[in-house]
Amino acid sequence: MGMSVIISEATDQDAEQIFKLQYLCFQSEAALYGNYRIDPLVQTLDSVRQEVATDCVFVARLGDEVIGSVRGAVTEDGAASISRLCVHPRMQGHGIGARLLRAAEAALAEERGAKKFRLHTGHRSESNLRLYRRVGYETVGTSEGTDGVPMIVLEKKAGSYAATA
Ligand SMILES: CC(C)(COP(=O)(O)OP(=O)(O)OC[C@H]1O[C@@H](n2cnc3c(N)ncnc32)[C@H](O)[C@@H]1OP(=O)(O)O)[C@@H](O)C(=O)NCCC(=O)NCCS
């Protein structure tokens, strides 16, 4: 891969790149569901900025370019909700998604006291489900996204780190 990919906490200056990356990466999910109004595609830049300021947001960087991102926030029941995991289509399949997840989980557990992690993914997103199961998540139920897409809810206890590929 030449230059190495560095994972770090996002700063205010990253918000615009995260916003654009998210828009690019979630096109494949939109196509899968025939729904181009899914949450990651309609989120505003201001809303991304706000999340970078308050939530636990990580980026993967290759040089100056943000090529991956994920965010998490602790919810009322003490679980951390992790969302918007994305990696630039050119950079997928190199383990960057799994690394981003691990970075977010570690920060949410160590800095924000999360006892477990929760993720949602569309019911037809087989490769996402494979990735989440491989890193230790188990299905706990279903829900419906605000965009109407049926979602699968997965959880993992903090500290239960399965071996990753
Ligand atoms: C989901 C997403 C973030 C995964 O990112 P990624 O960096 O490709 O993830 P990983 O590389 O960790 O894992 C993906 C695949 O690469 C494989 N892989 C990981 N490291 C590898 C390596 N070094 N060599 C070869 N393959 C590797 C994994 O086994 C996995 O294979 P699988 O799909 O058969 O299970 C990315 O596909 C994406 O942005 N998708 C669109 C947005 C989206 O749906 N996000 C999730 C919302 S819930």
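Below: a short report on this structure. (Residues numbered from 1 in each chain as written. Predicted model: local features only at pLDDT ≥ 70, side-chain atom pairs only at ≥ 80, totals over all residues. Heavy atoms only, no water.)

As a structural note, the neighbourhood of the ligand is formed by 22 residues, with Leu-85, Val-87, Gly-93, Gly-95 and Gly-97 the closest of them. A distance of 3.2 Å is found between an oxygen atom of the ligand and a backbone nitrogen or oxygen belonging to His-94. Residue Asn-128 places a side-chain N or O atom 3.0 Å away from an oxygen atom belonging to the ligand. In isolation the ligand exposes 940 Å². Once the protein is present, 72% of that is buried. For the ligand, the cavity whose grid points lie within 2 Å of the majority of its atoms is the largest pocket. Breaking the shell around the ligand down by element, the ones donating at least two residues are helix H2 (27-33), strand E4 (79-87), helix H5 (96-112), strand E5 (116-122) and helix H6 (126-134). Among the elements that take part in the shell around the ligand, H6 stands out by supplying six residues, more than any other. (Near = heavy atom within 4 Å. Polar contact = N/O pair within 3.5 Å; in protein donor to acceptor, adjacent residues only side chain to side chain. Areas by Shrake-Rupley, 256 points an atom, 1.4 Å probe, with all protein chains shown as cover. 1 Å grid on protein atoms, 1.4 Å probe; cavity = no way out; pocket = protein on both sides within 12 Å on 5 of 7 lines; lining within 4 Å. Sits in = over half its atoms within 2 Å of the grid points. Helix = DSSP H or I, 4+ residues; strand = E, 2+ residues; numbered from the N terminus.)

The subject of this paragraph is the pattern of salt bridges. Enumeration according to the criterion identifies nine salt bridges in this entry. Notably, a salt bridge pairs Arg-49 with Asp-46, separated by 3.6 Å at the nearest N-O pair. In this pair, Arg-49 and Asp-46 are both assigned in helix H4 (residues 45-54), three residues apart and thus about one turn of the helix distant. With relative accessibility at 40%, the residue Arg-49 sits in the partly exposed group. Assessed through its relative accessible area of 54%, Asp-46 is described here as exposed. With its nearest N and O atoms 3.2 Å apart, the salt bridge here joins Glu-155 to Lys-116. With Glu-155 in strand E7 (residues 150-157) and Lys-116 in strand E5, this residue pair connects regions lying 39 residues apart in the sequence. Because the salt bridges share partners, they merge into one network encompassing Asp-77, Lys-116, Arg-118 and Glu-155. (Salt bridge = Lys/Arg side-chain N within 4 Å of Asp/Glu carboxyl O. Buried < 20%, exposed > 50% of the residue type's maximum accessible area, 1.4 Å probe, protein only.)

Function cannot be inferred from these measures alone, as they are strictly geometric.
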